[in-house]
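Geometric and topological summary
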Amino acid sequence: MEIKMCTGSEALAMLDDAHFMQRWQSLYGLCPWATGYQSPAYVGAWYRHYSASCKPLLLWAESAGVLLGLLTLTLAERGDLIVGAGAHQAAYQVWLATPESSAAFIGATLAALRAAYPRRHLHLKHLAPGTPLEGLRDAPAALRCSLSAPEPRPYMRTDADRIVKSFNGKTNRNLYNRLKRLGEVQFRVVTDAVELSAALDEYIRQYDFRQAAMYDCAPFRVDPSKKAFYRRLLADGMLHVSLLQVGDAVVSVNVGLRGPDSVQVGITHSPLYADYSPGRLHTYMLCMELAKEGCRNFDLTPGGGYKSQLATDTDEVVELSALNTLHTLRLQRRARLAKLASAWLGRLGVTTTAARLALARAKKSARMALSGALPLTAGKYCIYRGVPKAASGACSMPALRANQIDDLLHYDEAGGRKTYHEFQYDAMKRLESRQHVYTIVHEDKLVFCAWIGKRAELALPGANEKMPAESDGVIALYDIYRHARASLDDRLRGYLEQILSDLPGRLGLEAASVDLVLHAHDKAARSVAEQAGFRLLAQS
């Protein structure tokens, strides 16, 4: 079988060839294991938005004007890897072919790749369920592939009786009724262009915040092409978008790639509603809606945990490595070490997130201790108590924003004591426990941040027996952060007045008194507290 190949600008030019794209679409419809990641719309959008950093590579075979097979790849500018189009953003990377031509096509394609790129290594993650693997393991030595151990791919059949029964079960109905007490609960699929744009913006806020908190990376913030890429997919009808709302508040969003007979999971949720398990409710409600639309499966993508709990069915996927034996061995060794490390941490009762946080915290503490920038009294507190008062007249300072998670993403590690990961993780946990935050962002940096919570629920690291007894009727204002390079000490009193006057209104919090929990070394905040009539209650 003859393989044709083009790369770079030539591959991009093929996207403008209407005849080629029509044949690609036909093959996509005929291939039983095709996913949305191999569709002309997805690959075309990804190539156009990422060609500057990832060179497109197309390989195909044809006969009598009909495509027999197609593999869409990309050459990383750095390193020696060849990966599927979409790179890390594509959950499935696989070739398109008819069942009859698959074995011959992938064999000829591997031979063509080895001839054209003798120093490169091919890695496809994951081959879609149902991909024919015959012949890959027993291919000639020069073309032999290494396939990873099978990994579960959970999914939900939208017509399964279990979905309706589970949604109407005691646990889910209890979650739904609790959410309903906050306001009108509404689930809907978004199709209007303006609403789609707004829904995508909310999805990005929620997604980036959780990714930053759990994995120390906000993908849409660090990747300037990602948002434009998603907007292109929206415009091409490749994304299925649904919302779960309480009143006007968006509790969760699913932005899922459409496949031939499926929609992929892409659920995010607001940390303010985490206690109501909105992602779980959204999943069941979306499956019931997809059944009405005639969509057969809701793809939960490879992985375990909550996915396996929700799944009605499970199949398997594998990863493919080829062309470079040494690189394959390195990847396998890295996977084994990662698995051993995860198992070792699990035996110690430590999550991988906790390990990453501890390592980052230790590095930052060492750097700041060496520079003399980290106060020795960072773990000591002073508590001031006072009665909330109305703001003293008009305020000319910028208005504080309450519970805006996108503001928190602007935290600058150079301006605070915490690492970026630690700050975002702490913020997520606090919001999930119904605490509130006030923020100000200036010139793309978080310059002010203060937290509000019930004093009885507030745990203070380093607190001792000198701390006053916790009271249910007291609100605590704590962890007042100002960027180290922002001169805000003269504005502290105004910010404090704004927060205290706003508590009963926007946040619905009322208290007979408020505790200001301040770091002992924060002389500016302590002075403002005393000027505002707060009295020192205790010091650790």
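Note that residues are indexed from 1 along each chain, following the sequence as it is written. Where local features are concerned, this predicted model is filtered to residues with pLDDT of at least 70; where side-chain atom pairs are given and counted, the filter is 80 or more; whole-chain, interface and lining totals use all residues. Hydrogens and water are ignored here; the side-chain numbers use all heavy atoms of the structure.

1. Structural notes on the pairing of strand S15 (residues 313-322)
The criterion, for reference: DSSP calls a pair of strands paired once it identifies at least 2 bridges connecting them. Going along the chain from the N terminus, every DSSP run of H or I of four or more residues is numbered as a helix, and every run of E of two or more is numbered as a strand.
Sheet topology places strand S6 (residues 121-127) next to S15; four bridges connect them, and they run antiparallel. Bridge pairing in S15 places Leu122 opposite Ala322. Pairing of strand S7 (residues 145-147) with S15 involves three bridges; the strand directions are antiparallel. Bridge pairing in S15 places Ser146 opposite Ser321. Where strand S8 (residues 151-157) lies against S15, five bridges are found, and the strand directions are antiparallel. Bridging across to S15, Arg153 finds its partner in Asp315.

2. A short note on the pairing of strand S4 (residues 81-84)
Sheet analysis places strand S3 (residues 66-76) next to S4, joined by three bridges and oriented antiparallel. Residue pairing across strands places Leu73 opposite Gly84, the latter belonging to S4. In this structure, the hairpin formed by S3 and S4 is closed by a connection of four residues, where Gly79 is found at a positive phi of approximately 85 degrees. Alignment of S4 against S6, held across three bridges, turns out to be parallel. Bridge assignment links Leu81 to a residue of S6, and that residue is His121.

3. A word on the pattern of salt bridges
Close approach of charged atoms allows side chains with opposite charge to pair. How we decide: The working definition used for a salt bridge is a side-chain nitrogen of Lys or Arg within 4 Å of a carboxyl oxygen of Asp or Glu. Each residue is placed in one exposure class: buried if its accessible area under a 1.4 Å probe, protein chains only, is under 20% of its type's maximum, exposed if it is over 50%, and partly exposed if it falls in between.
Taken as a whole, this structure holds 25 salt bridges when the rule is applied. Of the charged contacts in the structure, one is a salt bridge between Asp479 and Lys418, with a shortest N-O distance of 3.4 Å. Separated by 61 residues along the polypeptide, Asp479 in strand S20 (residues 474-482) and Lys418 in the loop between helix H14 (405-408) and helix H15 (420-432) bring together distant segments of the chain. Comparing Asp479 with Lys418 shows no difference in burial state: the two are buried. Between Arg493 and Glu497 there is a salt bridge, and its shortest N-O distance comes to 3.8 Å. A residue pair is termed a helical-turn pair when its members lie 3 or 4 positions apart in one helix, as Arg493 and Glu497 do in helix H16 (residues 492-502) at four residues. With a relative accessible area of 35%, Arg493 lands in the partly exposed category. Three or more residues are tied together by salt bridges with common partners; here these are Lys418, Asp426, Arg430 and Asp479.

4. Quick word on the environment of Asp208
We apply this condition: Contacts are assigned to residue pairs that have any heavy atoms within 4.5 Å of one another.
If you trace the backbone, Asp208 turns up in helix H7 (residues 193-215). In this structure, Asp208 is in contact with Cys217, Ala218, Pro219, Phe220, Arg221 and Leu409, ignoring residues within four places of it in sequence.

5. Points about the sheet that holds strand S9 (residues 185-189)
In plain terms, the rule: Axes here mean lines fitted to C-alpha atoms, for a helix over just the part in contact, with angles spanning 0 to 180 degrees between N-to-C directions.
One open sheet accounts for four strands, arranged S9-S10-S11-S13; its pairing is antiparallel. Two strands lie at the open edges of the sheet, namely S9 and strand S13 (267-269), each paired on one side alone. Averaged over all adjacent pairs, the angle separating strand axes in this sheet is 15 degrees, with direction ignored. Where S9 lies against strand S10 (residues 239-246), five bridges are found, and the strand directions are antiparallel. Within S10, the residue paired with Gln186 across the bridge is Gln245.

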